[in-house]
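Residue-level listing of the chains:
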Amino acid sequence: MLRRFKFAWAVGCVLAALTVGWWTAAAGAAAEHVRSARPNIVVFLVDDMGPMDTSVPFMTDGQGTPVRYPLNDYYRTPSMQRLAEQGVRFSTFYAMSVCSPTRTSILTGQNAARHHVTQWIRSEENNRGPFGPPEWNWTGVQDASITLPGLLKTAGYRTVFVGKGHFGPIGEPSEWPENLGFDVNVAGCSWGQPGSYYGEDGYGAIKGNKSRAVPHLEAYHGTDTFLSEALTIEAKKQISMAVEDGVPFFLDFAHYAVHGPFHSDPRFAEHYEASGKPKPAQAYATLIEGMDKSLCDLLDHLNELGVADETLILFLGDNGSDAPLGPEHEHASSFPLRAKKGTHYEGGMRTPFIAAWAAPSADAACQQQLPIAAGTVHEGIGSVMDLYPTLLAVAGVTAPEGHTVDGVDLAPQLTGAVRSDRPSRFLMHFPHSHRSSYYTVFRDGDWKVIYHYLPEQNPAKVRYELFHLADDPFEKRNLAEAEPLKLAEMMAGLTAQLAAHNAQYPVDEAGNELRPLAP
């Protein structure tokens, strides 16, 4: 019976694919609650999911055609395929290399170099590291008047948070999502990981890591309800209440999956038993598939409620993959991309991104405004900072005066347009200790430079790394010595970008700032 259910669910998700349009024109005045013209919004955020952790191919060849790699044939994500066929996916979508900086960028539209949440936030103590900036923003963003949910709430949206928060430490307002503009918070707190994924364990409250017990889910304690399933049930409840009350909703559905601990989801374990991969990697794959079932359930629920045609879905990860598959700086867990979460290579900073309507309808007012290029792959750059201006535009809301926004409205790119007005640039600043430590990454066009403030802290043991991503997308050839003029040019750009973002820098043992050195 269980096997028949799994097969029917997977087939149903695949067959549900349809084409879709997308909204971008300004909505009516904020006080007018016209759901047919102002869409509902779901940000479906997956923790630690890289672009290769899926059966949907995001990588493309020289002609823009999606290319399948072995990992695409290992993971099972039919619901992502359904969503991709309804919308557009980006082949190159960037996040910060760890979670709290990315989550703050989504809230604010700012690069981590500017908002200064440059490290994942340890709940109990400041984890700047031995040489991190003394004044980095460990306490997180505190002002709800400038956050994405805060602005949407003021504009008449019901703002709902379900899942992992990790916006701030214990005792600070940022510990709880409801202090950051959300009307409702289910399961969000300071923790960056769950105490357990198992309902039998109370998600950490009964057994497991009790210091990381997931809050608000007592109704499921002692049951066999996996954490991803419990969160999905709660998200569906919140959507139903908003629809019943006749208000547009913004749902930030931030799964704890697929962050460790890598607890196997028993609903899907048999799919990977013959894979030959280590048990932790098999468990990771079950977390991916459980997340995908959650997406399917959410899409089906929106259809059942009759609001799918006016609900926009943005699907993404918060940093590169953390799949337990090989050395962390090599071509393994994110193959063919290099490295994984917490590193300076593409595998540490690239995530999947799909934008689509939950269901297509040529008659839906919010879809008529700007049709999306359904079933396509966009090869231009996008980033987590872009969600803020994009979703504010969708809702007809402007950013607060004086609040700098580093992201750009993605609407033109979602139509399939090539944007000559958007530079292909991305800045990733990490002045702390992690898998890769004390570095800044700057991409400009096809070139990417990495500056190591403390070269001895990184496996490469060099100060500069330079890659031409068009010729070497998997970062196998460091051209820093072979291309001195280009290195100097890129370093000048990196230094200028840091200054423009008012970045903070690592320090030496005496507390002096370590700023980038010209080659």
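Read on for a plain summary of the structure.

A closer look at the overall build of the protein
Consideration 1: Scanning the protein from terminus to terminus reveals 13 helices and 12 strands.
Consideration 2: Relative to a compact globule of 519 residues, whose C-alpha radius of gyration would be 24 Å, the protein shows 22 Å and is just as compact.
Consideration 3: Referenced to the eigenvectors of the C-alpha coordinate spread, the extents of the protein come out at roughly 60 × 50 × 50 Å.
Consideration 4: In the protein, which comprises 519 residues, the proportion classed as buried is 61%.
Consideration 5: Restricting the contact set of the protein to residue pairs at least 6 apart, pairs at least 24 apart contribute 69%.
Consideration 6: On the protein, the mean spot of the 41 positive side-chain charges and the mean spot of the 59 negative ones are 4 Å from each other.

Looking at the side chain of arginine 422
Consideration 1: Positionally, arginine 422 belongs in the loop between helix H12 (411-414) and strand E9 (425-430).
Consideration 2: Looking at arginine 422, the relative accessible area reads 13%, which means it is buried.
Consideration 3: In terms of polar contacts, arginine 422 uses its side chain to reach the side chain of aspartate 386, at 2.8 Å.
Consideration 4: The contact partners of arginine 422, leaving out residues within four places of it in the chain, are Ile381, Gly382, Ser383, Asp386, Val408, Leu410 and Gln413.

Notes on the nonpolar core
A general tendency of soluble globular proteins is for nonpolar side chains to be buried together.
Consideration 1: Residues Tyr75, Met80, Leu217, Leu251 and Phe315 are the most contacted members of the largest nonpolar core, which totals 66 residues.
Consideration 2: Looking at which element gives the most residues to this core, the answer is helix H8 (residues 279-305), with 10 residues.
Consideration 3: Discounting chain neighbours no more than four positions away, the residues touching leucine 217 are Val186, Ala187, Tyr203, Leu227, Leu231 and Glu234.
Consideration 4: Core analysis: the next-biggest nonpolar cluster, separate from the first, contains 40 residues, Ile41, Leu151, Phe161 and Tyr388 among them.

Considering the pattern of salt bridges
Consideration 1: Under the criterion given, the structure shown has 26 salt bridges.
Consideration 2: Aspartate 322 serves as the salt-bridge partner of lysine 340, at 3.7 Å between the closest nitrogen and oxygen. Note that lysine 340 is positioned in the loop between strand E6 (311-317) and helix H9 (346-349) and aspartate 322 in the loop between E6 and H9, a separation of 18 residues in sequence.
Consideration 3: For glutamate 328, the salt bridge identified is with arginine 435, shortest N-O distance 3.4 Å. One end of the pair, glutamate 328, is in the loop between E6 and H9; the other, arginine 435, is in the loop between E9 and strand E10 (439-444), and 107 residues separate them in sequence.

Topic: the sheet that holds strand E7 (residues 353-357)
Consideration 1: A sheet is described by the order of its strands in space; here eight strands give the open sequence E4-E3-E5-E1-E6-E7-E2-E8, paired in mixed fashion. Each edge of the sheet is formed by a strand with only one pairing partner; in this case those strands are strand E4 (184-186) and strand E8 (376-383). For this sheet, the mean inter-axis angle between neighbouring strands, taken without regard to orientation, is 15 degrees.
Consideration 2: Of the strand pairs in this sheet, E6 and E7 are connected by five bridges, and their pairing is antiparallel. Pairing of leucine 312 across the sheet is with tryptophan 357, part of E7.
Consideration 3: Running at roughly 65 degrees to E7, helix H3 (residues 78-86) makes contact with strand E2 (88-94), E6 and E7 of the sheet.

Some words on the packing of helix H7 (residues 227-245) against H8
A pair of packed helices is captured by two measures, namely the crossing angle of their axes and the spacing between those axes.
Consideration 1: At a closest axis distance of 10 Å, the pairing of H7 and H8 adopts a crossing angle of 20 degrees. By the angle class used here, H7 and H8 are roughly parallel. Pair H7 / H8 crosses with right-handed handedness. For the pair H7 and H8, the contacting residues are Ser228, Glu229, Thr232, Lys236, Ile239, Ser240 and Val243 in the first and Gly290, Lys293, Ser294, Asp297, Leu298, His301, Leu302 and Leu305 in the second.

A short note on the packing of aromatic side chains
Consideration 1: Overall, the coordinates contain 21 aromatic pairs when judged by the stated rule.
Consideration 2: Where phenylalanine 131 meets tyrosine 438, the ring centres are 6.0 Å apart and the plane angle is 70 degrees; that geometry is what we call edge-to-face. With phenylalanine 131 in the loop between helix H5 (112-115) and helix H6 (148-154) and tyrosine 438 in the loop between E9 and E10, this residue pair connects regions lying 307 residues apart in the sequence. The same class applies to phenylalanine 131 as to tyrosine 438, namely buried.
Consideration 3: With centroids separated by 5.6 Å and ring planes inclined at 75 degrees, the aromatic side chains of tyrosine 198 and phenylalanine 226 adopt a geometry described as edge-to-face. Linking tyrosine 198 in the loop between E4 and H7 with phenylalanine 226 in the loop between E4 and H7, this pair joins segments that are 28 residues apart in sequence.
Consideration 4: Through successive ring pairs, a cluster of aromatic residues spans Tyr74, Tyr75, Phe262, Tyr272 and Tyr284.
Consideration 5: Positioned over the ring face of tyrosine 74 is lysine 277, at 4.5 Å from the centre of the ring.
Consideration 6: Across from the ring centre of tyrosine 345, 4.0 Å away, lies the NZ or CZ of arginine 338, which sits over that ring.

Considering the environment of serine 333
Consideration 1: With respect to the helices and strands, serine 333 occurs in the loop between E6 and H9.
Consideration 2: Serine 333 sits 219 residues away from arginine 114 along the chain, and the two C-alpha atoms are 30 Å apart.
Consideration 3: When neighbours within four sequence positions are excluded, serine 333 is seen to be in contact with Asp53, Leu71, Ser321, Ala323, Leu325, Ala339 and Lys340.

Quick look at the sheet that holds strand E11 (residues 447-452)
Working definition: the strands of a sheet are paired by backbone hydrogen bonds and lie parallel or antiparallel to each other.
Consideration 1: One open sheet holds the four strands; their spatial order is E9-E10-E11-E12, and the pairing between them is antiparallel. With partners counted over all chains shown, the strands left at the sheet margins are E9 and strand E12 (464-468), one partner each. For this sheet, the mean angle separating the axes of adjacent strands, direction not counted, is 10 degrees.
Consideration 2: Taken together, the six bridges between E10 and E11 define a ladder with antiparallel strand orientation. Directly across from tyrosine 439, in E11, lies its bridge partner histidine 452.
Consideration 3: Of the strands in this sheet, E9, E10, E11 and E12 are in contact with helix H13 (residues 484-500), which crosses E11 at around 70 degrees.

A look at the environment of threonine 147
Consideration 1: For threonine 147, the position within the fold is in the loop between H5 and H6.
Consideration 2: With sequence-adjacent residues up to four places away left out, threonine 147 is seen in contact with Leu107, Val141, Leu180, Gly181 and Tyr388.
Consideration 3: Within the structure, the side chain of threonine 147 is placed 2.7 Å from the backbone oxygen of leucine 180, a separation counted as a polar contact.

Quick notes on the rules
- Residues numbered from 1 in each chain as written.
- Predicted model: local features only at pLDDT ≥ 70, side-chain atom pairs only at ≥ 80, totals over all residues.
- Heavy atoms only, no water.
- Helix = DSSP H or I, 4+ residues; strand = E, 2+ residues; numbered from the N terminus.
- Rg over C-alpha atoms; globule rule 2.2 N^0.38 Å.
- Buried < 20%, exposed > 50% of the residue type's maximum accessible area, 1.4 Å probe, protein only.
- Contact = heavy atoms within 4.5 Å.
- Lys, Arg positive; Asp, Glu negative; His and termini not counted.
- Charge placed at Lys NZ, Arg CZ, Asp CG, Glu CD.
- Polar contact = N/O pair within 3.5 Å; in protein donor to acceptor, adjacent residues only side chain to side chain.
- Core = buried A, V, L, I, M, F, W, Y, C linked by side-chain atoms within 4.5 Å.
- Salt bridge = Lys/Arg side-chain N within 4 Å of Asp/Glu carboxyl O.
- Pairing = 2+ DSSP bridges.
- Axes fitted to C-alpha atoms, helices over the stretch in contact; angles between N-to-C directions.
- Parallel < 35°, antiparallel > 145°, perpendicular 65-115°, else oblique.
- Left-handed = near helix turned anticlockwise from the far one by under 90°.
- Phe/Tyr/Trp six-rings, centres within 6.5 Å; stacked < 30°, edge-to-face > 60°.
- Lys NZ or Arg CZ within 6 Å of the ring centre and 35° of its normal.

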